[in-house]
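As a plain string of letters, each chain reads:
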Amino acid sequence: MNNNISVRATRRGWGVSVFLLVLTLPLILLAASAVGARESDLPPWQEPRLIKNIAGKTDSSATYALAEMNGYLFFLANNQGIERNFSELWRTDGTPGGTIMLERRDDTTFSPLFVLGDELLFLAPHPDYGNELWISDGTPGNAHVMGDAFPGPFDGYVADHTVAGDYLYFTAYDDVNLTELWRTDGTMAGTIRLTGPDLGLDVGTPGAFIDFNGALIFRGQTPENKPLLMKSNGTVAGTEVIEAMPDTFGGEQHVAGGLLY
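Predicted, not measured: the structure shown is a model, and the values here were computed from it. Within every chain, residues take consecutive numbers counted from 1 along the sequence as written. This being a predicted model, a pLDDT of at least 70 is required before a residue's local features are given, and a value of 80 or more before pairs of side-chain atoms are given or counted; all residues contribute to the totals for chains, interfaces and linings. Hydrogens and waters are ignored; side-chain quantities use all the structure's heavy atoms.

### A word on the overall build of the protein
The test is simple: Numbered from the N terminus, helices here are DSSP runs of H or I no shorter than four residues, and strands are runs of E no shorter than two. The rule is simple: take the accessible area with a 1.4 Å probe, protein chains only, and divide by the maximum for that residue type; under 20% is buried, over 50% is exposed, in between is partly exposed.
Helices and strands together make up the secondary structure of the protein, namely one helix and 18 strands. Burial analysis of the protein (261 residues in total) assigns 36% to the buried set.

### Side note on the sheet that holds strand β10 (residues 167-174)
Stated precisely, the cut-off is as follows: Pairing between strands is defined by DSSP: at least two bridges between them are needed.
Spatial ordering of the open sheet is given by β9-β10-β11-β12, a layout of four strands whose pairing is antiparallel. Every other strand in the sheet has two partners, leaving β9 (159-164) and β12 (192-193) as the edge strands with one partner each.

### Considering the packing of aromatic side chains
Rules: Two aromatic rings from Phe, Tyr or Trp, using only the six-membered ring of Trp, form a pair when their centres are within 6.5 Å; if the ring planes differ by under 30 degrees the pair is stacked, by over 60 it is edge-to-face, and anything between is tilted.
Evaluated as defined, the whole model comprises six aromatic pairs. Both rings, one in Tyr72 and one in Phe74, keep their centres 6.4 Å apart while their planes meet at 65°; by these two values the pair is edge-to-face. With a centroid separation of 6.4 Å and an interplanar angle of 15°, the aromatic rings of Phe170 and Trp182 are classed as stacked. Remark: Trp182 occurs in strand β11 (residues 178-184) and Phe170 occurs in strand β10; sequence separation between them is 12 residues.

### A closer look at unusual backbone geometry
A positive phi angle, near 55°, is found at Asn70, a position not held by glycine. By the secondary structure assignment, Asn70 is in the loop between β1 (64-69) and β2 (72-78).

### A closer look at the pairing of β9
Note: β9 against β10, four bridges, orientation antiparallel. Residue pairing for β10: Ala159 is matched across the bridge by Thr171. In this antiparallel pair of consecutive strands, β9 and β10, the connection spans two residues, and Gly165 shows a positive phi of 65°.

As C-alpha cells, this is what we get:
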C-alpha cells in the first residue's frame, strides 16, 4: 500500500515537472532563437578577419597613422622581414587583393598623414631638402616632395598640423621669423607663411589649432607674452586677432553645436 502511494506521488511529481517543462520550453526556444537571430543577422563584413599579413611572418607590422580618403584606408607599416629599416605606405579597400603597398623608403617615416581634398599629405625626409611635406594621389609610386619649402638640408620643424577648410595649417621655424603660422593647399605656390613681423602680425608660439566651420582658430601671444585668441581663413589679410585673453587663458578647445568652447 505504501509502495503504491509512493509510486503515485512520484508519478505526480514527474508529471508536474513535465508540465512545467512543456510550459517553459517555448520560452527557452524563443530566447535561443532570438540569440541566434542576433548572431546570424550580422553582415559578413562585421566578422573579424585577417585582411593581409603584411610582414609575412609572425612579427607585427606595427600599423599606425591611419587616414581615410576616397573610400580607401591609408596607413603606415614597418617591414619586419630581412630588411627591417623600411617604412611603407599602404592602402586598403578592406579586401586582401585591394591591400597594396604604395611607397617604400629606407630609414624614412611617412608621418603623420593628412587628407586635403583628393590628396594625401605627409612629412618625410628628403636627402637634399630635409624634412618636408610630400604629396600623393593615393596610387602606387606617385608620392613626391612638394619642394624645399624651408631652404637648405635642414627641416623647418613642421608641427601642429590641422586641416581646416581648403588648407593644411601648420607651424614652421626659420632663423629669421622663428616659429610662425603657415598653410598649404598642396602646392609649393600655395604654401605660404601667414604670420610674422614682416607681415604686420607678430605672433609668438601659435598653437592649439582647431577647425571651426572651415576657418582655423588658434592661440598666440603678443611680444609681451599676453595670450591671444586668433583665427585665419588661409590668407594673410584674414589672419587676425579675435580677442586679447586673460593671463589664465588655456586648456583644450572643442567645437559643438556651432560654438567654440
